[in-house]
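Breakdown of the fold
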Amino acid sequence: MQKIFLLILLFSFSYGCHTEPLYNSTIDPNNFQATYLEELIFERVNEVRESYNAQPLEWENRLQQAAASQAENMKDWNRVSHHQISLSKFSLSNRMKYFGIKNQAVGENLADIYLETPMEVNFAKEPVIIREYKEAADALVLSWKYSPGHFNNLVDPKFKYTGIKVQINASTKIIYAAQVFGS
């Protein structure tokens with residue numbers, strides 16, 4: 001009886017810790033798996049931080065709310081911007097107050113990527129075509145890594161927490177990503 005229980009426990013543990021998706025790795029704009037892409041981005045960001053001797057970031061739900069607000073705003077307005085029309089969420093500072101976030105320091109990285117369209121990106125010698133979740137996560141994080149201001153946010157040791165949110169415009173096949181950092 002104990003052997004059967006242990007076997008079931010081990011199977012349950014290994015199944016629950018499975019890091020690959022249980023769905024197709026190709027991005028379907030009409031069945032977008034935002035949480036999976038956010039997890040991949042989070043992992044990639046912490047890999048970059050580790051390679052520069054910065055402590056890994058911890059997930060923080062209120063920072064994700066601020067990131068979600070910005071990602072949704074970018075999708076709605078079809079543009080990447082650090083500002084919103086709403087005065088209560090106009091700037092990152094306003095969004096921190098709006099969501100009750102009282103960090104000593106904050107930062108924000110934003111980006112958009114196009115699915116199935118050759119894109120000129122600052123880290124690649126040739127145009128990149130993104131079709132899969134891992135490609136999307138790599139493209140987003142590498143675009144931040146090779147941009148000085150975004151890179152500073154990625155590796156700044158004062159940042160301890162983060163929230164990440166992605167949105168997709170299914171008709172244009174554009175993914176908008178927002179990452180908010182806090183101390």
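Okay, so let's go over this structure. (Residues numbered from 1 in each chain as written. Predicted model: local features only at pLDDT ≥ 70, side-chain atom pairs only at ≥ 80, totals over all residues. Heavy atoms only, no water.)

So, helix α3 (residues 61-77)
What counts is decided by this rule: Runs of H or I in DSSP of at least four residues are treated as helices and runs of E of at least two as strands, each being numbered from the N terminus. One fewer than the residue count of a helix, multiplied by 1.5 Å, yields its expected span. By definition in these notes, contact holds between two residues if any of their heavy atoms fall within 4.5 Å.
The first and last C-alpha atoms of α3 sit 24 Å apart over 17 residues, in line with the 24 Å expected at 1.5 Å per residue. In this structure, the buried side of α3 is in contact with α2 (34-51), β1 (58-59), α4 (92-98), β2 (106-114), β3 (161-169) and β4 (174-182). Trailing α3 by a residue or two, Asn-78 shows a phi angle of about 55°, which is positive.

Quick look at the sheet that holds β1
What counts here: Strand pairing is assigned whenever DSSP identifies at least 2 bridges connecting the two strands. In this analysis an axis means a line fitted to C-alpha atoms, helices contributing only their contacting stretch, and an angle means the value between N-to-C directions, from 0 to 180 degrees.
Reading across from one edge, β1-β3-β4-β2 is the order of the 4 strands in this open sheet, with mixed pairing throughout. Two strands in the sheet have a free side with no partner beyond their single neighbour: β1 and β2. Of the strand pairs in this sheet, β3 and β4 are connected by 9 bridges, and their pairing is antiparallel. Counted as the bridge partner of Asn-169 is Ile-174 from β4. Running over the sheet, α3 touches β1, β2, β3 and β4 and is turned about 25° from β3.

Description of α2
We count it as follows: Type-normalised accessible area, obtained with a 1.4 Å probe on protein chains alone, sets the label of each residue: buried when under 20%, exposed when over 50%, and partly exposed for intermediate values.
Over its 18 residues, α2 extends 26 Å from the first C-alpha to the last, a length consistent with the 26 Å expected when each residue adds 1.5 Å. Regarding α2, the residues found buried are Ala-34, Tyr-36, Leu-37, Glu-38, Leu-40, Ile-41, Arg-44, Val-45, Asn-46, Val-48 and Arg-49. The secondary structure elements touched by the buried residues of α2 are α3, α5 (133-145), α6 (148-155), β3 and β4. Backbone geometry just downstream of α2 places Asn-53 in the positive-phi region, at approximately 60°.

Here's the deal with the nonpolar core
Side chains that are nonpolar tend, in soluble globular proteins, to be buried together. Stated precisely, the cut-off is as follows: Among the buried residues, those of types Ala, Val, Leu, Ile, Met, Phe, Trp, Tyr and Cys that are joined through side-chain atoms within 4.5 Å form a nonpolar core.
Within the largest apolar cluster, 34 residues are counted, with the highest numbers of intra-cluster contacts made by Ile-27, Phe-32, Leu-37, Ile-41, Ile-113, Val-166 and Ile-175. Among the secondary structure elements, those contributing two or more residues to this core are α2, β2, α5, α6, β3 and β4. Beyond its immediate chain neighbours, meaning those up to four positions away, Phe-32 contacts Ile-27, Leu-37, Tyr-133, Val-166, Gln-167, Ile-168 and Ile-175. With 14 residues, the next largest nonpolar core counts Leu-63, Met-96, Ile-174 and Ala-178 among its residues.

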